[in-house]
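# Coordinate analysis (summary)
This is what each chain is made of:
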Number of protein chains: 2
Amino acid sequence: MATGKPQPAFVLVRPQMGENIGAAARAMWNFGLDRMRVVAPRDGWPSEKAVAMASGSGRLLDEAQLAPDLPSALEDCTYVMATTARPRDLTKTVFTPERAMQEAQMRIARGEKVAVMFGPERAGLENADIAQANAIISVPVNPEFASLNLAQCVLLCSYEWQRAAGEAEPVVDAMAGTDWATGKEVEHLALHYEDRMDDAGFFYPEHKTESMKLNLRNMWSRMPLTRADVQMLHGMLRQMVRWKDRGD
Amino acid sequence: MATGKPQPAFVLVRPQMGENIGAAARAMWNFGLDRMRVVAPRDGWPSEKAVAMASGSGRLLDEAQLAPDLPSALEDCTYVMATTARPRDLTKTVFTPERAMQEAQMRIARGEKVAVMFGPERAGLENADIAQANAIISVPVNPEFASLNLAQCVLLCSYEWQRAAGEAEPVVDAMAGTDWATGKEVEHLALHYEDRMDDAGFFYPEHKTESMKLNLRNMWSRMPLTRADVQMLHGMLRQMVRWKDRGD
């Protein structure tokens, strides 16, 4: 049974080797984290190799949420961070692990659901994955030698989570109790806009279509959207379509 | 050639597997540390397996000081810390990795020679080893599950050294230098949406018009909008009007 402690979910995105999934589970449980999600593991699920490597933390694997794709893994999350080796040019806030876990702690204390994404061993997260994150976590490693593996990156974030959770000041926060939109709701909003803008011929010229869509995705994920905001944004778009259909 | 940067020496005491020595070298060099000492490695020295695992950090192994026993490895050191899984009853100061590396940083800045000891994989340091240390470093892991391996313990200490030394490459925040929209631009955007939504009949029923407009204003002002976002949001709205006018 998972511990009742409020905590972020750690989401392994398309992990390749079972051993690394097991090592990530151990890294997490060393610091009291036990909410793992696994998106489309290359070698299938459950994974014997993951279980063998996890040893005493095997419970995390038994209870891990398996998801076929990233949007379904994130659908209940209100704030998502993506770990990357190098901050890329994606116009998102970049945190150190320390700052990131302080942010996570603060949001979780408000009742938000926070997730941290980790990419596949070889290539890391793709830009399309990162587009679904609200912010980026980058470990400030030696610029001459950046070679953290998956479990080490999980370890540093877990370690910083424990530090942040231990140090947290209980503060009264004006955003506490805000009804934030979940990942699923933001995903639906993004799709709704993408579809209607496609119908309207917005993504033009064609060679720019993909980058325009990525920019739009990045904008939605960067916005601190409440559930009411999402309703309003849907409503405005529907109304424009009705206006068009009325033809007045 | 070792970097000229003042830093602690990391001393691997009777390490067993070459792979773990190589992984420790990588962990160190990720955070700019390159002074390794190796005491009586079980499988001999140099170690092919260590070199294979170290990949880009092989230089640390080439330059590592090999010592037959712990006293000769520590003979030039003025302050020694010993990592242990559990603080034992040895009447020594016990530091977290963070506090330990702050202490190391302060002493090194004064010109002291500081070493950090790491025990063999299976059993850790013996009490006789720890007796040679001035203080103990203990990572505050989950009391139900303490399973850090050698390279992970080296990694956390290296990470904390870098933080304490303040040598971290500043994480480049992709939002730094962001071309944020000005208040005037956000105001124009708000007016544009308000006007078109008025035309489209969005603000309905009439007794809710004011509060709907206020909610919309509040949403725009709460969003961290870049100039590019504002252009995109204008563009989407214009395109919807064009779509309507085309009447297709």
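Residue positions within a chain follow its written sequence, with the count starting from 1. Labels follow written order: the first chain is A, the first ligand is 1, and so on. Side-chain atom pairs in this predicted model are given and counted only at pLDDT of 80 or more, local residue features only at pLDDT of at least 70, and totals for whole chains, interfaces and linings cover all residues. The basis for every side-chain value is the complete set of heavy atoms in the structure, and neither hydrogens nor water enter the calculation.

Let me state the cut-off plainly: UniProt positions are given in the numbering used here, feature names are shortened, and annotations may be inferred rather than shown by experiment.
In the nomenclature of an unreviewed UniProt entry, chain A is known as Putative tRNA/rRNA methyltransferase of Pelagimonas varians. UniProt's Sequence similarities (unreviewed entry) comment on chain A is quoted here verbatim: "Belongs to the class IV-like SAM-binding methyltransferase superfamily. RNA methyltransferase TrmH family."

### A few points about the pattern of salt bridges
What counts here: What makes a salt bridge here is a side-chain nitrogen of Lys or Arg within 4 Å of a carboxyl oxygen of Asp or Glu, nothing more. Only DSSP runs of H or I reaching four residues or more are called helices, and only runs of E reaching two or more are called strands; each is numbered from the N terminus. Remark: exposure states derive from per-residue accessible area (1.4 Å probe, protein chains only) relative to the maximum for the residue type, with buried under 20%, exposed over 50%, and partly exposed in between.
For the coordinates displayed, the defined rule picks out 48 salt bridges over all chains. For Arg163(A), the salt bridge goes to Glu98(A), with nearest N and O atoms at 3.1 Å. Residue Arg163(A) is located in helix α7 (residues 150-167), and its partner Glu98(A) is located in helix α5 (residues 97-109); the two are separated by 65 residues in the primary sequence. A relative accessible area of 11% places Arg163(A) in the buried class. The residue Arg99(A) makes a salt bridge to Glu103(A) at a minimum N-O spacing of 3.6 Å. Note that Arg99(A) and Glu103(A) are positioned in helix α5 at a spacing of 4 residues, about one turn of the helix. Residue classification places Arg99(A) among the partly exposed positions, given a relative accessible area of 37%. You can call Glu103(A) buried: its relative accessible area is 11%. A network of salt bridges, in which partner residues are shared, links Glu98(A), Glu160(A), Arg163(A), Glu98(B), Glu160(B) and Arg163(B).

### Some thoughts on the sheet that holds strand β5 (residues 93-95) of chain B
Adjacent strands of a sheet form backbone hydrogen bonds with each other and so pair up, either parallel or antiparallel. All names here are of chain B. Stated precisely, the cut-off is as follows: Think of it this way: DSSP has to see at least two bridges between two strands before they count as a pair. Axis definition: a line fitted to C-alpha atoms, over the contacting stretch in the case of helices. Angles run 0 to 180 degrees between N-to-C directions.
Taken in spatial order, the 7 strands line up as β3-β2-β1-β6-β4-β7-β5 in an open sheet, and their pairing is parallel. Each edge of the sheet is formed by a strand with only one pairing partner; in this case those strands are β3 (65-67) and β5. Averaged over all pairs of adjacent strands, the angle between their axes in this sheet comes to 25°, without regard to strand direction. In this structure, strand β1 (residues 9-13) lies alongside strand β2 (residues 36-39), joined through 4 bridges in parallel fashion.

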